[in-house]
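Structure assessment
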Amino acid sequence: MPVREGAPAFPSPRTRTIEMTRPLQAPMRALAMLLLTLILGAPQALAHAVLLSSTPMENAMVEAAPEAVTLGFNEPVSLLTATLITPDGESLPIVAEGLGGSTLAIPLPADLGEGTHVLSWRVVSADGHPVGGANVFSIGIVTGAASGAVVVDPAIGALLWGAKALLYGVLLFGLGSAVYAVVFAQGEAGPRRLVFAMMVGGLVLAPLSLGLQGVDALGGRMPDLISPASWATGMATSYGWTALILMAAFALGIIGFGRGAGRGASILAGSALLLAGLALARSGHASAADPQGLTRPAVFFHILGIVLWAGALLPLRGALAEGRSEGGALLSRFSRFIPYPVGAILISGVVLGVVQLGQDVSSWVSGYGFILLAKLVLLAIVFGLALYNRLVLTGRALEGDRRARRAMGKSILAEIALMALVLLLVAGWRFTPPPRALAEAAALPIAMHIHTEALMADLEITPARPGPNAIAVYLMDGDFAAVSPQSVEILVSAPERGIEPTRVPTSLGEDGYWRAEGVTLPLAGAWQIDLEIRLSRFQMVRLGDSFTLP
């Protein structure tokens, strides 16, 4: 487009882009090694811990008290709390500081008496999300036992979601506006007081969300927010470093924004931007997924792109709404600059989506998939508005068309509102494990323990999904000695679905297990399994229980 007489002359796009990014070069070099350390030094994880096994297994009957309960997970975890509930209802806290890894051996008190015990536990995974459960086992006899489930205060979850959504908002529109104003707009930030207030709010929200993270991890309640244990637990999760780095980013952003324009202010603001990317690459589903050499850089550049795009909106909206003379220059710079962060968002977003959802189309039919789909719909609208602004309104606005400027100002407000909705959705991922973790949980075998006074059976159903399954049975008498019956037959049925019993013979293996291969369970849902155990020609014992096929 020809430049009108008297209009400011701009360098070529390539030259201008180099000039705009020059203030970032110093902090980029300073933090390059930090990013490399973050990527290469990150522990391998699978984005959400899944319990794979427990010894004793769930509802097991054991002859003598075990020294420990061993829990096996699909990725390294750290033990947060463990409590043993005895048959008489007494709660005994388990002290096992520093216990972590893919396999946790949680020590039990000595001299446990007979009866049913419940070990209630909570761990935190590499993505910073707590996982809890309870292991029920009986020593000698089965008795009643109190529930070991941790009752989580829903208010804590709601507050944590709200705090993180607000934190992300002030990160994008507060720190982002400050960075864009200092580095790319010569200090012009539109509503300066609002930008300052948002960054100060970030300094408050970051530690508040850290404390709530600790309370949530321990399964506590609101009064526990003032407990040192909650803050120590929050700091022990991967989100601890995220919160600290975000506080540093907001502090640098406030100082740089207060200095206005200039090289020193640009270095401070650019460093704050890079710290924001590093902070969110330290925790969360996406950054904890393998291969982390790919996912962590993808999260880093995804955050940088979003912060730069969102941060440009308030300064640009302010310049256009107030009709300032520099509004055209600011719009021209934005128009040339914006393809780079948008490109980073799109490329990194595709990478992260493929890693989290995989190639299974059914992954979209999950809480995580629904949130991602809603996010993509909103972002498609945002991209559509941005494209309309660039192709239709920008040229007219640069020519001084006031109607085009007003229309662009309204469009920018719509982009801000849609991005705020996206933030609310993204904060909801805190409560939805990604499909990869759900698939691992669904692939676990079903372990069962059936007992009577005369006979007990341990069963395992593999792979525990609709279709052909293998069933293994190990038999013991009331004194936990192995039993050698003449034959064992398995009957499976689904009375609620009208499926009559199917009789399946078994064969005895060298390991003492009676096995049946290719047992077809055609539907997910409730099933009944019965064992007909012929101890002699004239004696047969029948054991039965129900299970749910995922």
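What you are looking at is a predicted structure, and each value in this text was computed from that prediction instead of being measured. (Residues numbered from 1 in each chain as written. Predicted model: local features only at pLDDT ≥ 70, side-chain atom pairs only at ≥ 80, totals over all residues. Heavy atoms only, no water.)

Next up on the list: the overall build of the protein chain. Across its full length, the protein chain carries 13 helices and 16 strands. Expressed as a percentage of the 550 residues in the protein chain, the buried residues total 50%. Working note: accessible area of the protein chain is about 24,600 Å², and carbon and sulfur atoms make up 62% of it. (Helix = DSSP H or I, 4+ residues; strand = E, 2+ residues; numbered from the N terminus. Buried < 20%, exposed > 50% of the residue type's maximum accessible area, 1.4 Å probe, protein only. Areas by Shrake-Rupley, 256 points an atom, 1.4 Å probe, with all protein chains shown as cover.)

On to the confidence of the model for the protein chain. Here the protein chain averages 79 in pLDDT, while 83% of its residues score no lower than 70. In the model, residues 1-47 has pLDDT below 50 throughout and makes 76 contacts with residues more than four positions away in sequence or in other chains. (pLDDT = per-residue confidence, 0-100. Contact = heavy atoms within 4.5 Å.)

Attention now moves to a positive patch on the surface. A grouping of Arg402, Arg403, Arg406 and Lys410 is seen on the molecular surface, where their side chains present a positively charged patch. Position of Lys410 relative to the elements: it lies in helix H12 (residues 402-427). (Patch = residues over 30% accessible without salt bridge, like charges linked within 9 Å, V, L, I, M, F, W, Y side chains within 5 Å. Salt bridge = Lys/Arg side-chain N within 4 Å of Asp/Glu carboxyl O. Lys, Arg positive; Asp, Glu negative; His and termini not counted. Charge placed at Lys NZ, Arg CZ, Asp CG, Glu CD.)

Let us look at the packing of helix H3 (residues 192-217) against helix H4 (residues 228-236). Here H3 crosses H4 at 100°, and the two axes come no closer than 7 Å. Taken as axis vectors, H3 and H4 run roughly perpendicular relative to one another. Along its contact with H3, which presents Pro207, Leu208, Leu210, Gly211, Gly214, Val215 and Ala217, the element H4 presents Ser230, Trp231, Thr233, Gly234 and Met235. Split by residue class, the contact of H3 with H4 holds seven nonpolar, five polar and no charged. (Axes fitted to C-alpha atoms, helices over the stretch in contact; angles between N-to-C directions. Parallel < 35°, antiparallel > 145°, perpendicular 65-115°, else oblique. Nonpolar A, V, L, I, M, F, W, Y, C, P; charged D, E, K, R; others polar.)

Our next topic: the sheet that holds strand S11 (residues 487-494). For sheets, the rule is that strands pair by backbone hydrogen bonds, running either parallel or antiparallel. Ordered in space as S12-S11-S15-S16, the four strands form an open sheet in which the pairing is antiparallel. Looking at strand neighbours, the two that pair on one side only are strand S12 (499-505) and strand S16 (540-549), the edges of this open sheet. Shown here is a sheet whose adjacent strand axes are inclined to one another by a mean of 20°, direction ignored. Both S11 and strand S15 (residues 525-534) contribute to a ladder of seven bridges, which runs antiparallel. Across the sheet, residue Ser487 finds its bridge partner in S15, namely Arg534. (Pairing = 2+ DSSP bridges.)

Turning our eyes to something else, we now look at H4. The set of residues buried in H4 consists of Ser230, Thr233 and Gly234. Summarising the axial view, the buried residues of H4 lie within an arc of 100°, below the 170-degree limit, and thus occupy one face. Counted as exposed and oriented over 90 degrees from the buried face of H4: Pro228 and Ala236. Elements that come into contact with the buried residues of H4 comprise strand S3 (68-85), H3 and helix H5 (238-259). (Arc of directions from axis to C-beta.)

Look at helix H2 (residues 154-184): 43 Å from first C-alpha to last across 31 residues, which is about the 45 Å you get at 1.5 Å a residue. Residue Gly176 marks the point of greatest curvature in H2, where the axis turns by about 30°. Most of H2 sits out of view: 24 of its 31 residues are buried. (Expected span 1.5 Å × (residues − 1). Bend = angle between axes of the 7 residues up to and from the residue.)

Formed by 76 residues in total, the largest nonpolar core has its most connected members in Leu167, Leu171, Phe173, Leu175, Tyr180, Phe250 and Trp309. Tallying contributions element by element places helix H8 (residues 292-322) first for this core, with 15 residues. Leave out the neighbours within four places in its chain, and Leu167 touches Gly202, Leu205, Ala206, Ser209, Tyr239, Leu246 and Phe250. Counting 29 residues, the second-largest nonpolar core is a separate cluster that includes Leu455, Val483, Ile529 and Ile533. (Core = buried A, V, L, I, M, F, W, Y, C linked by side-chain atoms within 4.5 Å.)

To continue, consider the packing of aromatic side chains. In the structure shown here, the tally under the stated rule is six aromatic pairs. Considering the side-chain rings of Trp309 and Phe383, the 5.2 Å spacing of their centres and the 20° angle between planes classify their relative orientation as stacked. On the criterion of sequence distance, the pair formed by Trp309 in helix H8 and Phe383 in helix H11 (residues 367-398) is long-range, its members being 74 residues apart. For Trp309, a relative accessible area of 2% translates into the label buried. The class of Phe383 is partly exposed, set by a relative accessible area of 22%. The ring centre of Tyr239 lies 4.1 Å from the NZ or CZ of Lys164, which sits over that ring. When the ring centre of Phe257 is taken as origin, the NZ or CZ atom of Arg192, which lies over that ring, is 4.2 Å away. (Phe/Tyr/Trp six-rings, centres within 6.5 Å; stacked < 30°, edge-to-face > 60°. Lys NZ or Arg CZ within 6 Å of the ring centre and 35° of its normal.)

Turning our eyes to something else, we now look at the UniProt feature "transmembrane region" (unreviewed entry) in the protein chain. The UniProt entry lists residues 165-183, 195-219, 239-258, 265-285, 297-316, 337-358, 370-391 and 412-431 under the feature "transmembrane region" (unreviewed entry), expressed in the numbering used here. Taken end to end, residues 165-183 has its terminal C-alpha atoms 26 Å apart, with 100% of it in helix and 0% in strand. (UniProt positions renumbered as here; feature names shortened; annotations may be inferred.)

Attention shifts here to the environment of Ala427. Structurally, the position occupied by Ala427 is in helix H12. Put simply, Ala427 and Ile371 are 56 residues apart on the chain and 9.8 Å apart in space, counted from C-alpha to C-alpha. Here Ala427 is in contact with Trp161, Ala165 and Tyr168, once residues within four sequence places are set aside.

Quick look at the sheet that holds strand S13 (residues 507-508) now. The strand order across the open sheet built from five strands is S8-S9-S10-S14-S13, with neighbouring strands paired in antiparallel fashion. Two strands bound the open sheet, and with one partner strand each, they are strand S8 (446-451) and S13. Judged from the eight bridges that link them, strand S9 (residues 455-462) and strand S10 (residues 467-477) form a sheet pairing that is antiparallel. Within S10, the residue paired with Thr462 across the bridge is Ala470.

Contact geometry of H5 with helix H6 (residues 263-280) gives a least axis separation of 8 Å together with a crossing angle of 160°. It follows from the interaxial angle that H5 and H6 lie roughly antiparallel. Note that H5 runs across H6; the crossing there is left-handed. Facing H5, whose interface residues are Thr242, Ile245, Leu246, Ala248, Ala249, Leu252, Gly253, Ile255, Gly256 and Arg259, H6 presents Gly264, Ala265, Leu268, Ser271, Ala272, Leu275, Ala276, Ala279 and Leu280. Class assignment for the residues of the contact of H5 with H6 results in 13 nonpolar, five polar and one charged. (Left-handed = near helix turned anticlockwise from the far one by under 90°.)

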